[in-house]
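The primary structure of each chain is shown beneath.
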Amino acid sequence: MRAIEISAPNEWRLVDLPDPKPAPGEVVVGVAWCGICGTDQHILAGGFRADYPLIPGHEFTGSVVEVGPDVEGWIPGDRVAVDPNIVCGRCPYCRRGEVHLCQALTAVGVNRPGGFAERCCVPATQLHRLPPGVRFGQGALSEPLACVVHGLDRAALRAGERAVVIGTGPIGLLMVQLLRQAGAAWIGVSEPIGTRRVQALELGADAAWDPRVEDSAAAVRRATKIGADVVVECVGRPEAVTAALGCARRGGRVVLFGVAEREAEVPLRPYDVFLNELTLIGSYINPFTQARALDLLAGRRINTDAIISDRFPLAEFGEALATAASGKGYKVLVGG
């Protein structure tokens, strides 16, 4: 099979490898589409935990092509989406139901071969059946959508509250759609790229501004008088986190969703957090939320055509990476 292999940070190539063979409890998935995520770009740059050499890719769908011993309930031809996050089920966090905080967490496309390949071997426990009517490309959004569902759970938005999304790449646009469906009375977005501001407005945002031109905190207070109840930071940069903190009202909640560099730091005055009774919330991956994401897709609650902007064959992975990094599109899929 052909696959993308990262041999070291900033070094990758298209390689020919033997087809994977399933061990007991595993299945081989013929990959249809795999999405490029910001985490993949961090892995390529060496800024995220990963084991090299590595076939990256963790947002993918496909069909079962081979079933290993001791696997029940799956047969060749089954259409599936993959939850890439593999937990131990034994550590204190797993036993508390906080599986995403598992002390032995590993992930497909991070610590074991992933979906930027023609075939991928995964534990059968990680499979979700793709609902009828959900296309493979749409299903590739189920993993990032599942993370957004968890982020919204963490935000605990109540109907009628006002929300702000900092950054409207693919994650931010998914967040705008879910906030609207969850009953947000007003949604503002901060985004420097004009086409993305337009797309956010079309998907349910009420206001959009360029943070290079207009201060986000001022824009939010002009519209809401006191600030937002919920602010979701979807960029992962210190300046975006600072902007998010400034947009929240007294008593507001700020969700840090974007993946920042490990060394990134943000100035924070504890007195402001105390006086304004701010709640700072982290949101990490997708605990028990991928099935809900697939139900949202099956129910046509998410405009996927607005999110998936580009598709490339595996042989054009370099061009796909460049497109994803350019910010000109949204979700870039590889495979097909």
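Residue numbers here run from 1 along each chain, matching the order of that chain's written sequence. For a predicted model such as this one, the threshold for reporting local features is a pLDDT of at least 70, and the threshold for listing and counting side-chain atom pairs is 80 or more; totals across whole chains, interfaces and linings nevertheless cover every residue. As a rule here, side-chain values come from all non-hydrogen atoms in the structure, and water together with hydrogens is ignored.

### Brief notes about the sheet that holds strand β10 (residues 162-166)
The condition that has to hold: Two strands pair under a simple rule: DSSP has to find at least two bridges between them. Helix numbers and strand numbers start at the N terminus; a helix is a DSSP run of H or I with at least 4 residues, a strand a run of E with at least 2. Geometry is summarised by axes, namely lines fitted to C-alpha atoms with helices restricted to the contacting stretch, and by angles between N-to-C directions that run from 0 to 180 degrees. Contacts between residues were defined by any pair of non-hydrogen atoms, one from each residue, lying within 4.5 Å.
In space, the 6 strands of this open sheet follow the order β12-β11-β10-β13-β14-β15, with parallel pairing throughout. Pairing within the sheet leaves two strands with one partner each, and these edge strands are β12 (207-209) and β15 (279-282). Taken over all neighbouring pairs, the strand axes of this sheet differ in orientation by 15 degrees on average, direction set aside. Of the pairings in the sheet, the one linking β10 to strand β11 (residues 186-190) comprises 5 bridges and is parallel in character. Bridge assignment links Val164 to a residue of β11, and that residue is Gly188. Across the sheet, helix α4 (residues 142-155) is in contact with β13 (228-233), β14 (248-256) and β15; its angle to β14 comes to roughly 155 degrees.

### Observations regarding unusual backbone geometry
Residue Pro53 is reached from Tyr52 by a cis peptide bond, and omega for that bond is -5 degrees. Inspection of the secondary structure puts Pro53 in the loop between α1 (38-45) and β4 (59-67). Backbone geometry at Asn10 places phi at a positive 65 degrees, although glycine is not the residue there. With respect to the element layout, Asn10 can be found in the loop between β1 (2-8) and β2 (11-16). Even without a glycine there, the phi angle at Asp70 is positive, about 65 degrees. Assignment of secondary structure puts Asp70 in the loop between β4 and β5 (79-82).

### Here we look at a nonpolar patch on the surface
Put simply, the test is: Patch building starts from residues that exceed 30% relative accessible area and form no salt bridge, then joins like charges within 9 Å and nonpolar side chains (Val, Leu, Ile, Met, Phe, Trp, Tyr) within 5 Å. What sets the accessible areas is the Shrake-Rupley method with a 1.4 Å probe; for residues, cover comes only from the shown protein chains. Salt bridge criterion: a side-chain nitrogen from Lys or Arg within 4 Å of a carboxyl oxygen from Asp or Glu.
A cluster of nonpolar side chains, namely Tyr93, Leu101 and Tyr284, defines an oily patch on the protein surface of about 250 Å² accessible area. Tracing the backbone shows Tyr284 in the loop between β15 and α10 (290-298).

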